[in-house]
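Residue-level structure breakdown
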Amino acid sequence: MTAGEETPAAAEQTLASTFTGHRSHLVGVAYRLTGSVADAEDAVQEAWLRLTGLSAEAQAGIRDLRGWLTTVVGRICLDRLRSAAVRRERYVGQWLPEPLITSGEDDPLDAVVRDDGVRMAALVVLDRLTPEQRVAFVLHDAFDVPFAEIADALGCTVATARQHASRGRRAAAEAEPPPRVALEEQRELLERFLEALASGDVEAVVGLLHPDVVFVGDAGGKTRTAVNVVSGREKVARFLFGLLRKYGGAPTGLPVLVNGDLGLLFPAQGEVAARVSAFAVRDGVVAGVYDMANPDKLGHVPFPENA
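Here the residue numbering is sequential within each chain, running from 1 through the sequence in written order. Whole-chain, interface and lining totals are the exception, using all residues; otherwise, since this is a predicted model, local features are given only for residues with pLDDT of at least 70 and side-chain atom pairs are given and counted only at 80 or more. Note that the side-chain values use all heavy atoms of the structure and ignore hydrogens as well as water.

Some details on helix α7 (residues 131-143)
Note the following rule: What counts as a helix is a DSSP run of H or I of at least four residues, what counts as a strand is a run of E of at least two, and both are numbered from the N terminus. Here the expected length of a helix is defined as 1.5 Å per residue gap, with one fewer gap than residues. A simple rule labels every residue: compare its accessible area, found with a 1.4 Å probe on the protein chains alone, to the largest value its type can have, and call it buried under 20%, exposed over 50%, or partly exposed in between. Residue contacts follow a heavy-atom distance rule, with two residues in contact if any of their heavy atoms lie within 4.5 Å.
Taking 1.5 Å as the rise per residue, α7 with 13 residues should run 18 Å; its terminal C-alpha atoms sit 17 Å apart, in good agreement. The buried count for α7 comes to 10 of 13 residues, which makes it a mostly enclosed element. For α7, the complete set of buried residues consists of P131, E132, Q133, R134, V135, A136, F137, V138, L139 and F143. The inward-facing, buried residues of α7 contact α1 (8-34), α4 (65-88), α6 (120-126), α8 (147-154) and α9 (158-174). Positive backbone phi, approximately 55 degrees, marks D144, located one or two places after α7.

Written out as structure tokens, the structure is:
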């Protein structure tokens, strides 16, 4: 070993430290691609294993480690998206991404949820794309991965990779979610909305809903929520008041940050199963309500009894 050359142990420690510096970015890439916290964490761990499985010479030959890891994560997520597409054919009801709950106070996931692309409304739009379109569109438009590398990840030509990205971009633009608004504005609207629901003021609730509002529930057939998408302010208002009558009032929800936006965390209460609700705001009113109740997607959520 020549003077100044790292020992194998020191080189491994340096590599691990460098990888840790990219971890938040990679989790953000994987979560944006899959909408699954578990799949994102697994994809990042698999990328690490693939990196450490290379020879020292191969590792040294990687000119842009962040870019290399991003492409590897994209390839891993593509496989998971294809498997998820098969599972969704048998899925009961609607499919929503797993919620990311953060404290906003030096939370390790804070850097991830600051990206507009991981808002719940944005991820719902991405779920409409094919796996290939989603990977090509997200990797290129959000993370500047060259099409040559995307083509390698997808196992297709560069021209086909460009086509996948173009179709994904067009589909996303046609269903573009509302831009994120300030948390204080979200808080004020949510408080008014909940007060109107609690008081039984149907007119006030309808007035706080966007004409094109949607209520999307995801329980996977394992508990209760809307099986089909409820659309329109009157229908959504009737649905919500119907729930209040059925369960004898509104359950107590704890304000939390859901994918960077204000939402509510509901521990299990009586007949009401544990769930997380996220909201989309457009033009000063509620444009989307996303009710995530599938227990398989909430294992990572810090409900009070599990905290």
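Some details on the confidence of the model for the protein
What counts here: pLDDT gives the predictor's per-residue confidence on a scale running from 0 to 100.
Put simply, the protein has an average pLDDT of 91, and 95% of its residues get 70 or more. When pLDDT is averaged over each helix and strand of the protein, the minimum, 82, is found for helix α5 (residues 110-113) and the maximum, 98, for strand β3 (residues 230-231).

With respect to the packing of aromatic side chains
Selection criterion: Here is the rule: rings of Phe, Tyr and Trp (six-membered ring for Trp) pair when centre to centre is within 6.5 Å. Planes less than 30 degrees apart are stacked, more than 60 are edge-to-face, and the remainder are tilted. Note on geometry: a ring has a charge over it if NZ (lysine) or CZ (arginine) is within 6 Å of the ring centre and within 35 degrees of the ring normal.
Overall, the coordinates contain 4 aromatic pairs when judged by the stated rule. When the centroid spacing of 6.5 Å and the interplanar angle of 75 degrees are considered together, the rings of F193 and F279 count as edge-to-face. Here F279 lies in strand β6 (residues 275-282) and F193 lies in helix α10 (residues 183-199), a separation of 86 residues in the sequence. With a relative accessible area of 2%, F193 lands in the buried category. Note on F279: relative accessible area 12%, which makes it buried. For the ring pair F215 and F239, a centre distance of 4.8 Å and an interplane angle of 55 degrees mean the geometry is tilted. With F215 in strand β2 (residues 209-218) and F239 in helix α12 (residues 233-247), this residue pair connects regions lying 24 residues apart in the sequence. A cation over a ring is seen here: K246 above Y247, with NZ or CZ 5.7 Å from the ring centre. A cation over an aromatic ring shows up here: K297 above the ring of W95, its NZ or CZ 3.9 Å from the ring centre.

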